[in-house]
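Notes for the structure review
This is what each chain is made of:
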Amino acid sequence: MKIVVTGSSGFLGTALCSFLEAQGHELTKLTSHNCNLRRADSLNSYSAEKYDLLFHLAAWTQAGDFCIKHPGEQWIINQQINTNVLSWWTEHQPQAKLVFMGTSCVYAPDGNLRETEYMLGEPIDSLYTYAMTKRMLYQGARALSKQFGLRYLCAVPSTLYGAGYHTDGRQMHFIFDLIRKIIRGKEFGESVVLWGDGYQKREVVLVDDFVRVLWALTQRFDNEIFNIGAGEEYTIRTFAENICKIVGYPVERIAYDTSRYVGAKSKCLNVEKIKAALPDYTLQPLEFGLKRTIAWFYETSAFAA
C-alpha cells in the first residue's frame, strides 16, 4: 500500500513507520521539517500521488503542564493542522482511508470512558482545549464521511510507553519521567521527587502493542472509533515501586510533591468494544513493558539528558 504518515518522527509515528515498512508498504513520511501542516498549501506537492491510507498523528502538544500554559495556541494551531489535513483528504485523496488519533482526555472524568461518550460531557479544565480540538477532528471526519462517503477510523490511546521516546528536553509523559528520575536517583544519587501524592491512577499501553492493534483495526473497520487501552490502571506509587524493583533503587527514598500539577486523578479507558471486535486482543504485561523501556533508557543513556 501507499501510505502517508503525518507526525512520522514522533514517538508513535516512528514505531508505526517501522511496523509498516517491515510489512513492505511504501511510506511518505511527513514531519514539521518537510511539511508545515499549519499552511493551507502544505500538502499540495503530494496531491498528484494517490494513496491508500492516511495516518494522521501530528498534533501540537506536549506532556506535563504544556496544555495549561498554551490553551489559545493549542486551539489555533491544532485546528489549522486538522482542517488542512481534512481538506486535503476530501479534495485530493477521497479514495484513501483516514486513520487518526483521538485522546483519552476528551472523556469527562466522571464518565465510563466508553466510545459512546466521546462527544459527551466536559473534559477536565487543564486539558479542555486540546480535548476539544480532538473532538472537532472526529466530528470533521464524521461530517465529511456523511457528505462525501469517505472512510475513516479514530483510535483513542491510553498513555503509550516503550523504546524510542524523545530525549530532547521537552516534558515527558509520566511513565518516562518516573523511569528517568528513578534511574538518575540510582546512578547519580539525585533526589527522586514525584508530582502529586502518588495515588493518582494511570493506565499504559506498550507502543508496539498499540501499533499492532491499530493495524488490525485499520484492516477490518471503517467509520468507527475504538479505545485502545489496557482496561486496568495503577497508582503512580505502584508504577514507582515496580520501576524501583527493576532498577534497584530503594522505594522509601522517593518523595512526593503535592503542590505540583497531576492532571486527572484517574483515567482508565473502557475496552469492552475493542475486545468484542478483536477476540484475540491481548497486551504485554506491565512488567515486560517496563523492563523493555528501562533497558532502552540504559542502552541509549536517555536518562542522562
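Preceding this paragraph is the structure being described.
Residues numbered from 1 in each chain as written. Predicted model: local features only at pLDDT ≥ 70, side-chain atom pairs only at ≥ 80, totals over all residues. Heavy atoms only, no water.

Turning next to the side chain of Asn-84. In this structure, Asn-84 sits in helix H3 (residues 71-92). The class of Asn-84 is buried, set by a relative accessible area of 13%. Side-chain polar atoms of Asn-84 contact the backbone oxygen of Arg-39, separated by 3.3 Å. Other than its neighbours up to four places away in sequence, Asn-84 contacts Leu-37, Arg-38, Arg-39, Ala-40 and Leu-43. (Helix = DSSP H or I, 4+ residues; strand = E, 2+ residues; numbered from the N terminus. Buried < 20%, exposed > 50% of the residue type's maximum accessible area, 1.4 Å probe, protein only. Polar contact = N/O pair within 3.5 Å; in protein donor to acceptor, adjacent residues only side chain to side chain. Contact = heavy atoms within 4.5 Å.)

Let us now look at the nonpolar core. Core analysis: the largest hydrophobic core is formed by 63 residues, its most contacted members being Phe-55, Ile-175, Ile-182, Phe-210, Ile-243 and Ile-274. Of all hydrophobic cores here, the second largest spans 39 residues; its members include Leu-37, Cys-67, Ala-96 and Leu-150. (Core = buried A, V, L, I, M, F, W, Y, C linked by side-chain atoms within 4.5 Å.)

Of all seven residues making up strand E5 (residues 151-157), six are buried, and the element is well covered by its neighbours. Alignment of strand E4 (residues 97-101) against E5, held across five bridges, turns out to be parallel. Residue Phe-100 lies in a different strand from E5, and its bridge partner there is Cys-154. The parallel pair E4 and E5, bridged by helix H4 (residues 128-148), forms a crossover whose chirality is right-handed. As paired strands, E5 and strand E10 (residues 224-228) are joined by five bridges and run parallel to one another. The partner of Cys-154 across the bridge, within E10, is Ile-225. (Pairing = 2+ DSSP bridges. Right-handed = clockwise from strand over helix to strand, strands pointing away.)

Attention shifts here to the pattern of salt bridges. As enumerated under the stated definition, the model contains 13 salt bridges in all. For the salt bridge of Lys-97 with Asp-222, the shortest nitrogen-to-oxygen distance reads 2.8 Å. Of this pair, Lys-97 sits in strand E4 while Asp-222 is found in the loop between helix H6 (207-220) and E10, placing the two residues 125 residues apart along the sequence. Residue classification places Asp-222 among the partly exposed positions, given a relative accessible area of 37%. Between Asp-177 and Arg-180 there is a salt bridge; the shortest N-O distance is 3.2 Å. Taken as a pair, Asp-177 and Arg-180 lie in helix H5 (residues 174-188) at a separation of three residues, close to a single helical turn. Exposure remark for Asp-177: the relative accessible area of 18% places this residue in the buried category. (Salt bridge = Lys/Arg side-chain N within 4 Å of Asp/Glu carboxyl O.)

A separate point is a nonpolar patch on the surface. Together, Trp-75, Ile-76 and Met-136 make up an exposed nonpolar region whose accessible area comes to about 280 Å². You can see Trp-75 is positioned in helix H3. Given the relative accessible area of 35%, Trp-75 is considered partly exposed. (Patch = residues over 30% accessible without salt bridge, like charges linked within 9 Å, V, L, I, M, F, W, Y side chains within 5 Å. Areas by Shrake-Rupley, 256 points an atom, 1.4 Å probe, with all protein chains shown as cover.)

This next bit is on unusual backbone geometry. With a phi close to 55 degrees, Leu-113 is a non-glycine residue in the positive phi region. In this fold, Leu-113 is placed in the loop between E4 and H4. Positive phi values are uncommon outside glycine, yet Asn-223 reaches one of about 55 degrees. Among the structural elements, Asn-223 can be located in the loop between H6 and E10.

Here we take up the sheet that holds E10. An order of E2-E1-E3-E4-E5-E10 is seen for the six strands of this open sheet, with the pairing classed as parallel. The sheet terminates laterally at strand E2 (26-30) and E10, the two strands that pair on one side only. Strand-to-strand twist of the sheet, defined as the mean angle between neighbouring strand axes without regard to direction, takes the value 15 degrees. Across the sheet, H3 touches strand E1 (2-6), strand E3 (53-56), E4 and E5, and the angle it forms with E3 is around 175 degrees. (Axes fitted to C-alpha atoms, helices over the stretch in contact; angles between N-to-C directions.)

Turning our eyes to something else, we now look at helix H7 (residues 236-247). Spanning 12 residues, H7 covers 16 Å between terminal C-alpha atoms, matching the ideal 16 Å at 1.5 Å per step. Remark: Gly-248 follows H7 within two positions and exhibits a positive phi of approximately 90 degrees. (Expected span 1.5 Å × (residues − 1).)

So, about the packing of H3 against H4. At a minimum axis distance of 9 Å, the contact between H3 and H4 shows a crossing angle of 20 degrees. Considering their axes alone, H3 and H4 lie roughly parallel with respect to each other. Handedness of the crossing formed by H3 with H4: right-handed. Two secondary-structure elements touch here, H3 through Pro-71, Gln-74, Trp-75, Asn-78, Gln-79, Asn-82, Leu-86, Trp-89 and Thr-90 and H4 through Thr-129, Tyr-130, Met-132, Thr-133, Met-136, Leu-137, Gly-140, Ala-141, Leu-144 and Phe-148. Taken together, the residues that form the contact of H3 with H4 break down as 11 nonpolar, eight polar and no charged. (Parallel < 35°, antiparallel > 145°, perpendicular 65-115°, else oblique. Left-handed = near helix turned anticlockwise from the far one by under 90°. Nonpolar A, V, L, I, M, F, W, Y, C, P; charged D, E, K, R; others polar.)

Helix-helix packing is characterised by the crossing angle of the two axes and by the distance between the axes. Packing of H7 against helix H9 (residues 286-300) brings their axes to within 10 Å, and their N-to-C directions diverge by 55 degrees. For the element pair H7 / H9, the angle class is oblique. Our pair here, H7 against H9, has a crossing hand that is right-handed. Along its contact with H7, which presents Phe-239, Asn-242, Ile-243, Ile-246 and Val-247, the element H9 presents Leu-286, Glu-287, Leu-290, Lys-291, Ile-294 and Tyr-298. Its residues assigned to classes, the contact of H7 with H9 comprises eight nonpolar, one polar and two charged.

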